[in-house]
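Given next are the chains, with one letter for each unit.
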Amino acid sequence: MAKSVEELEKMFDSLSGTVKDYQLKLESAQRDAKQYKEQAEAREEELRKYKEQVETSNREKELALAKSREAETKEFVESQVKAGRILPAFKERVIEFMKSLTSEKEIAKFEEKDGSTKTHNQVSLFKEILSKMKTLVPVGQEFTQADEQIADEPIEQGESKF
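Description of the structure in this document. (Residues numbered from 1 in each chain as written. Predicted model: local features only at pLDDT ≥ 70, side-chain atom pairs only at ≥ 80, totals over all residues. Heavy atoms only, no water.)

**Remarks on the nonpolar core**
Step number 1: One finds Phe-76, Val-77, Val-81, Ile-86, Val-94, Ile-95, Met-98, Leu-101, Val-123 and Leu-130 forming the largest nonpolar core, which totals ten residues.
Step number 2: Looking at this core, the elements with two or more residues in it are helix 1 (5-82), helix 2 (91-100) and helix 3 (122-132).
Step number 3: Among all residues touching Val-77, those that are not within four sequence positions of it are Ile-86, Lys-91, Val-94, Ile-95 and Met-98. (Core = buried A, V, L, I, M, F, W, Y, C linked by side-chain atoms within 4.5 Å. Buried < 20%, exposed > 50% of the residue type's maximum accessible area, 1.4 Å probe, protein only. Helix = DSSP H or I, 4+ residues; strand = E, 2+ residues; numbered from the N terminus. Contact = heavy atoms within 4.5 Å.)

**Points about the pattern of salt bridges**
Note on pairing: side chains with opposite charge can pair once their charged atoms come close.
Step number 1: This structure, assessed with the given rule, holds eleven salt bridges.
Step number 2: Across the pair Lys-91 and Glu-78 runs a salt bridge whose closest N-O atoms are separated by 2.4 Å. One end of the pair, Lys-91, is in helix 2; the other, Glu-78, is in helix 1, with 13 residues separating them in the sequence.
Step number 3: Classification of Lys-91 as partly exposed rests on a relative accessible area of 25%.
Step number 4: Among the residues examined, Glu-78 registers a relative accessible area of 24% and is labelled partly exposed. (Salt bridge = Lys/Arg side-chain N within 4 Å of Asp/Glu carboxyl O.)

**Here's the deal with the packing of aromatic side chains**
Step number 1: Overall, the coordinates contain one aromatic pair when judged by the stated rule.
Step number 2: Both rings, one in Phe-97 and one in Phe-126, keep their centres 5.1 Å apart while their planes meet at 65 degrees; by these two values the pair is edge-to-face. Taken together, the residues Phe-97 in helix 2 and Phe-126 in helix 3 connect sequence positions 29 residues apart. (Phe/Tyr/Trp six-rings, centres within 6.5 Å; stacked < 30°, edge-to-face > 60°.)

Rendered as structure tokens:
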């Protein structure tokens, strides 16, 4: 089965053409791959910038919310001081305590007189308790420096300073 030189040349030309076709296809695929890689990198950069913007926005939102909560807490505590439910000497302590409370998680449910159920988080429960307390200092009564010193002293069990 010896093949003639002509047949071998035809086969060689046919194979050469096939190799050239594959080389062209390979080069085209490499160009496409490079283009897709550049597009993917550009999308990744856009995504990175978007995530950065979202994180910045979330930080700003959290900061604004914290400032709002702090202002609301100060306003509430001040109203309780004016109502005589919190001694002025305790004002800053109560504010700091309330900052440590969370309003994220429900901690208690109470049935109201009308049969409805009221749920509370730490902040709302503490506010309700303070709001329903009797006054410690009658409205209009002067609170002196001596009273403030007495309020700062520890109270022994069973003892009253007032």
